[in-house]
Amino acid sequence: MKRRQLINYSALASSSAIIGACSTSTPVTSQTGGDLPRVEWNMATSWPQSLDTIYGGAVTVCDRVREMTGGRFDITPYAAGELAPGLEVLDNVQTGAVECGHTASYYYVGKNPALAFGTSVPFGLNAQQQNAWYYHGGGLEEMHKLYADFNVINFPAGNTGVQMGGWFKNQIASVSDLNGLKMRIPGLGGKVMSALGVNAQVLPGGEVFVALERGAIDAAEWVGPYDDEKLGLNKAAEFYYYPGWWEPGPTLEVQVNLDAWGKLPKEYQEIFKTATYEANISMLAKYDALNGEALQRLVDGGTKLTAYSDEILAAAQKAAFELYEESSSSDAAFKGIYEQWKKFRGGVYSWNKINEVSFASFASE
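Described in the following lines is the structure provided in the data block. Please read these numbers as outputs of a predicted model, since none were measured by experiment. (Residues numbered from 1 in each chain as written. Predicted model: local features only at pLDDT ≥ 70, side-chain atom pairs only at ≥ 80, totals over all residues. Heavy atoms only, no water.)

1. Re the packing of aromatic side chains
Here is the rule: Only rings of Phe, Tyr and Trp enter the pairing, Trp through its six-membered ring, and a pair is recorded when the two centres are within 6.5 Å. The plane angle decides the type: under 30 degrees is stacked, over 60 is edge-to-face, the rest tilted. Numbering goes from the N terminus for both helices and strands, where a helix is a DSSP run of H or I of at least four residues and a strand is a run of E of at least two. Three exposure classes are used, based on accessible area relative to the maximum for each residue type with a 1.4 Å probe and protein chains only: buried under 20%, partly exposed in between, and exposed over 50%.
All told, the structure shown has 30 aromatic pairs when counted by the stated rule. Ring centres of Phe117 and Tyr338 lie 6.4 Å apart, and the angle between their planes is 40°; this geometry places the pair in the tilted category. Taken together, the positions of Phe117 in the loop between strand E3 (100-103) and helix H5 (127-136) and Tyr338 in helix H13 (residues 332-363) put the pair 221 residues apart, joining distant regions of the chain. Note on accessibility: Phe117 and Tyr338 belong to one class, buried. Both rings, one in Phe321 and one in Tyr324, keep their centres 5.1 Å apart while their planes meet at 75°; by these two values the pair is edge-to-face. Note that Phe321 and Tyr324 are positioned in helix H12 (residues 310-330) at a spacing of three residues, about one turn of the helix. Among the aromatic side chains, those forming a connected cluster through ring pairs are Trp41, Phe73, Phe155, Trp261, Tyr268 and Phe272.

2. Topic: helix H8 (residues 205-213)
Stated precisely, the cut-off is as follows: For this quantity, the arc is that covered by the directions from the helix axis to the C-beta atoms. Contacts are assigned to residue pairs that have any heavy atoms within 4.5 Å of one another.
Buried within H8 are the following residues: Gly205, Val208, Ala211 and Leu212. What you see down the axis of H8 is that its buried residues fit within an arc of 100°, all on one side. In this structure, the buried side of H8 is in contact with strand E5 (167-168), strand E6 (182-184), strand E8 (219-220) and helix H9 (225-231). Looking one or two places after H8, you find Gly215, whose phi comes out positive at around 85°.

Spelled out as structure tokens, the structure:
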């Protein structure tokens, strides 16, 4: 299957208008005539249903596919642990145990460190920049090449925006305060924290509160105020740090088994891609609408909002780019994506310093 055949997001605007005209009362027909087949899929996810916004990304994809095919293509989402453990979605999609899954690529850096770029890397791209890289900067093509080794194709299907910097039981003012700290933090952010002396651990969302509350870990990052409040993390730790420098624009995604994908009619593939596009945009908008009020509730309830020190940020940034260069020298797949991503990052950062950063700096004073 050629990459150009896998996805063409430049046609999304026109295809969305056509597909959006479909309804449950309008039969979907193939380009060659006749009704399209009935297809039933299952979707594993990495999220508990209680986190309605992040789990909602999966629901949006399933609902929109169902609606736009008149119910002929029916995907059922399942919470973490129902079809697959939250951190084993890729494994199950790869083998075909489930047709698709909603998860974060950086949960699987143990399989290939370059998978981190599909979600977010420390001091990387914010949500807007991440979408630009994915849809118009060659990022999606790079990730498709990488995922082909796993018999999977991926599509962005959600973004949380810049995340918070985690919950800590005690204050951390310097790099030395991180030494020996046990912290839940996945992806390359975890590797950077490890370089600063942290004992980094990966836990699914449903286990974070208990581990933090019982002292199995000393700190934990999850998403942001709205979801963190739902998990009750403010009841397990007092200090809430910002910014989440390791996840400036984390993309969630739908992973699809390539064999299952190849069996879909072209019309269903296009509908599916459009549904993931909608989920990607909608999730970010919802988080931006909800997080401000949630943060205020947390602060009013006694949470101590604290900024990372410049010392910690500088040390983390230095460690992050040392990690990227080291990984590039030893891993050809990582080097290929990193060099393409790094070039794009330099260009979009230069542009955003002129338009986005200058405006935000003035307007927020």
